[in-house]
Amino acid sequence: MLGLPDSITTCLFDLDGVLTDTASVHRTAWQQMFDAYLEAKDGKDFQPFTEDDYNKYVDGKPRQDGVRDFLASRDIRLPDGAPTDGGDAETVWGLGNRKNEKLQDEIERNGVKVYEGSRRYLELAQEQGLHRIVVSSSANTEMVLKVTGLEQYVEGRVDGVTLAEQHIKGKPAPDSFLAGAKLAGATADQAAVFEDATSGVAAGRAGNFGFVIGVDRVGHADALKRSGADIVVQDLSELIEKKG
């Protein structure tokens, strides 16, 4: 009843934009951080960070990769710095940490919205005995799962902290999803990937996963299909409805 092939034993869920509405909070935090940086650098004539910039260079990637890729699109190169860099440091880590501070402030003030269709899907997946792993580039995954109460439905996670500690390549490389499948004791062809970012869908396709579900929250269904989604839905409740 979950709209998956019978061979699937494991569900690998991206977090932001698939289970929770933190994607919009991420976009705002990125925009605020980059616009402030660019304005300080270029003055009032700076070119703002756009929705297209977010989708092309940042969405779904580890934070430092997002910083590097966007700045490269503007012909800007910064030293990497170190993970301990403060938000005022003009380094890749510094800008990334500045963005994360904005994100955490917003989450602490206003909490995180959970897509109810996704909560119900997790509940049913648990009832059906499917493995449930969250695979996210966000280093805030543990905090978000706790704040939302979703941690009770999740067996494990591969997140931004895991990627850094284990030196796992982020999306669009398939490595993080492969690590998630391994955590559940499944092979790639036994696992379904749930992603809202084109980079994440591309990772699912590159890893030869058994099923790749694109989740279109922002009107980019065609881009998700081009990136390799087997099916695109606007909400996970549609998968439940497919088999009544």
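Coordinates for the structure precede this section.
First, a word on scope: everything that follows refers to the structure included in this document. (Residues numbered from 1 in each chain as written. Predicted model: local features only at pLDDT ≥ 70, side-chain atom pairs only at ≥ 80, totals over all residues. Heavy atoms only, no water.)

### Regarding the packing of helix 1 (residues 22-42) against helix 3 (residues 63-73)
Direction vectors running N to C along helix 1 and helix 3 enclose 45°, while the axes themselves pass 13 Å from each other. In terms of their interaxial angle, helix 1 and helix 3 are classed as oblique. Every pair of crossing elements has a handedness; the one defined by helix 1 and helix 3 is right-handed. Packed against helix 1, whose contacting residues are Trp30, Phe34, Tyr37 and Leu38, the element helix 3 presents Arg63, Gly66, Val67, Phe70 and Leu71 at the interface. By residue class, the composition of the contact of helix 1 with helix 3 is seven nonpolar, one polar and one charged. (Axes fitted to C-alpha atoms, helices over the stretch in contact; angles between N-to-C directions. Helix = DSSP H or I, 4+ residues; strand = E, 2+ residues; numbered from the N terminus. Parallel < 35°, antiparallel > 145°, perpendicular 65-115°, else oblique. Left-handed = near helix turned anticlockwise from the far one by under 90°. Contact = heavy atoms within 4.5 Å. Nonpolar A, V, L, I, M, F, W, Y, C, P; charged D, E, K, R; others polar.)

### Some points on the sheet that holds strand 2 (residues 131-135)
Spatial strand order, 3-2-1-4-5-6: six strands in an open sheet with parallel pairing. The open sheet has two edge strands, strand 3 (156-158) and strand 6 (231-233), and neither has a second partner. Here the average twist between neighbouring strands, direction ignored, is 25°. The pairing of strand 1 (residues 10-13) with strand 4 (residues 191-195) spans four bridges and is parallel. When the sheet's bridge partners are listed, Phe13 is paired in strand 4 with Phe194. (Pairing = 2+ DSSP bridges.)

### Let's talk about empty space enclosed by the protein
For the coordinates displayed, the defined rule picks out one cavity of 30 Å³ or more. Taken as a whole, the largest cavity holds about 230 Å³ of empty space. Around the largest cavity sit 22 residues that line it, and Asp16, His26, Gly60, Lys61 and Ser138 are the ones nearest its centre. Counting only elements with at least two residues in the lining of the largest cavity, the list comes to helix 1, helix 2 (51-58) and helix 4 (92-110). No other element matches helix 1, which puts three residues into the lining of the largest cavity. (1 Å grid on protein atoms, 1.4 Å probe; cavity = no way out; pocket = protein on both sides within 12 Å on 5 of 7 lines; lining within 4 Å. Points joined across faces, edges and corners; volume = space filled by probe spheres on them.)

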